[in-house]
Amino acid sequence: MTRLSVFSLLLAGTSAMAADAMHGMDHSQMPGMDHSAMQSMDDGMMQPAAPSESRTPIPPVTDADRAAVFTSPGGHQVHDSVINSYFLADKLEWQNADDGRALAWDLSGWIGGDTDRLWLRSEGERNNGKTEDAEIQALWGHAISPWWDVVGGVRQDFKPGAPQTWAAFGVQGMALYNFEAEATAFLGEGGQSAVRLEGDYDILLTNRLILQPTAELNIYGKNDPQRGIGSGLSNTEAGLRLRYEIRREFAPYIGVTWNRTYGNTADYAREEDEDRSEARLVLGVRLWF
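The residue count restarts for each chain, going from 1 along the sequence in the order it is written. Reporting of local features is limited, given that this is a predicted model, to residues whose pLDDT is at least 70; pairs of side-chain atoms are given and counted only at 80 or more, and all residues count toward the totals for whole chains, interfaces and linings. Side-chain measures were taken over the full set of non-hydrogen atoms in the model, leaving aside hydrogen atoms and water.

K.L.:
Give a detailed account of the confidence of the model for the protein chain, specifying residues and quantitative values.
P.N.:
Values of pLDDT, ranging from 0 to 100, describe the predictor's confidence in every residue of the model. Taken residue by residue, the protein chain gives an average pLDDT of 85. The fraction at 70 or more is 79%. Whether two residues are in contact is decided by their heavy atoms, any of which lying within 4.5 Å being enough. The low-confidence segment residues 34–42, where pLDDT is below 50, has 14 contacts with residues more than four positions distant or belonging to other chains.

K.L.:
How would you summarise unusual backbone geometry if you had to cite specific residues and measurements?
P.N.:
Across the junction of Lys159 and Pro160, the peptide omega takes the value 0°, indicating a cis bond. Numbering goes from the N terminus for both helices and strands, where a helix is a DSSP run of H or I of at least four residues and a strand is a run of E of at least two. As for its placement among the helices and strands, Pro160 is situated in the loop between strand 7 (148–159) and strand 8 (164–175). The phi dihedral of Asp273 falls on the positive side, at around 60°, and the residue is not glycine. In this fold, Asp273 is placed in the loop between helix 3 (263–271) and strand 15 (277–288). With a 1.4 Å probe rolled over the protein chains alone, any residue whose accessible area is under 20% of its type maximum counts as buried; one over 50% counts as exposed, and the rest are partly exposed. On the accessibility criterion, Asp273 (74% relative accessible area) is exposed.

K.L.:
Quick rundown of the pairing of strand 15? Include the residues and the values.
P.N.:
By the convention used here, strands pair only if DSSP detects at least 2 bridges between them. Note: strand 3 (residues 84–97) against strand 15, six bridges, orientation antiparallel. Along strand 15, the bridge assignment pairs Gln95 with Val282. Summarising the sheet, strand 14 (residues 250–261) and strand 15 pair through 11 bridges and their orientation is antiparallel. Each bridged residue has a counterpart across the sheet, and for Arg260 the counterpart in strand 15 is Ser277.

K.L.:
So what's going on with the packing of aromatic side chains? Residues and values would help.
P.N.:
Here the aromatic set is Phe, Tyr and Trp, taking the six-membered ring for Trp, and pairing holds for ring centres within 6.5 Å; pairs whose planes are under 30 degrees apart are stacked, those over 60 apart are edge-to-face, and all others are tilted. Considering all chains together, one arrives at six aromatic pairs under this definition. Ring centres 6.4 Å apart and planes at 45° place the aromatic pair Trp110 and Trp119 in the tilted group. Like Trp110, the residue Trp119 is buried in the burial classification. Ring geometry for Trp166 against Phe186: centres 6.2 Å apart, planes inclined by 75°, an arrangement best described as edge-to-face. Here Phe186 lies in strand 9 (residues 179–188) and Trp166 lies in strand 8, a separation of 20 residues in the sequence.

K.L.:
Describe empty space enclosed by the protein, and please don't skip the residues or the numbers.
P.N.:
Definitions used for this entry: grid spacing 1 Å over protein atoms alone; cavity, a set of points where a 1.4 Å probe fits but cannot get out; pocket, an open set with protein on both sides within 12 Å along at least 5 of 7 lines; lining residue, one with an atom within 4 Å of a point. Grid points are joined across faces, edges and corners, and a volume is the space filled by probe spheres set on the points. Evaluated as defined, the whole model comprises one cavity of 30 Å³ or more. The volume enclosed by the largest cavity comes to roughly 40 Å³. If you trace the largest cavity, you find it lined by Asp90, Gln212, Arg241, Leu242, Arg243, Tyr253 and Arg286. A per-element tally of the lining of the largest cavity places strand 13 (residues 232–244) first, with three residues. Classifying every residue of the lining of the largest cavity gives two nonpolar, one polar and four charged. Think of it as three bins: nonpolar holds Ala, Val, Leu, Ile, Met, Phe, Trp, Tyr, Cys and Pro, charged holds Asp, Glu, Lys and Arg, and polar takes everything else, Gly as well.

Right, dumping it as structure tokens:
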């Protein structure tokens, strides 16, 4: 027998003896091996069992923890008694009218709390140094939702014609997609009635360059020849203004407006040699504080 054959026999015998020893070994007595913490996988491999407890136990919630959740850290609170105020000159502008140069304004502001406020509004126009249209409103507003108020109060007209007082009530707020809207009804002296609808929308071309379309519509219940107002749809005004916010509170703008009268109001305007419709170039500034 060759040396290679003898070596092969010895190696085979050693392997058989080792297999017999492993077969007869009590694995539960092997130190450091806890098979109870092992679980089998589909492929026959072994992996550690998932821990049943957190390594860092979470302490139970106490009454002090629950009370801290409802403790206000200070500052502004909802429906608190703090009095705030706001003023907006939405339109303060020069207009290139057909019969001369005009100055027009549309101002509003409020003072009050979160749900109840005193609102002040004013709008008007001076043409060639003469006031042709001017009014002021004082309204009490109450919030009926986060975005809408009901308002009620008085409106005082100074021009055109003799001064006139109206009772006013309506709604104002922000519709879908940040569309600002106002709808106000008026009941005046001598049984006169009116409805005014207003709306505007800001289109952000950039963070500071903003295009603002506006619209206003006035409807009256009866003719008023003294003031040149006819029943039904009286007049509309549409505008398009482009402003640049040098600061958020201060923004010069340029734009155009288009005014048109209808029905009996247009007939009164024709009798006074006034145009039924007119387009104007406007330059102005918008500011608030």
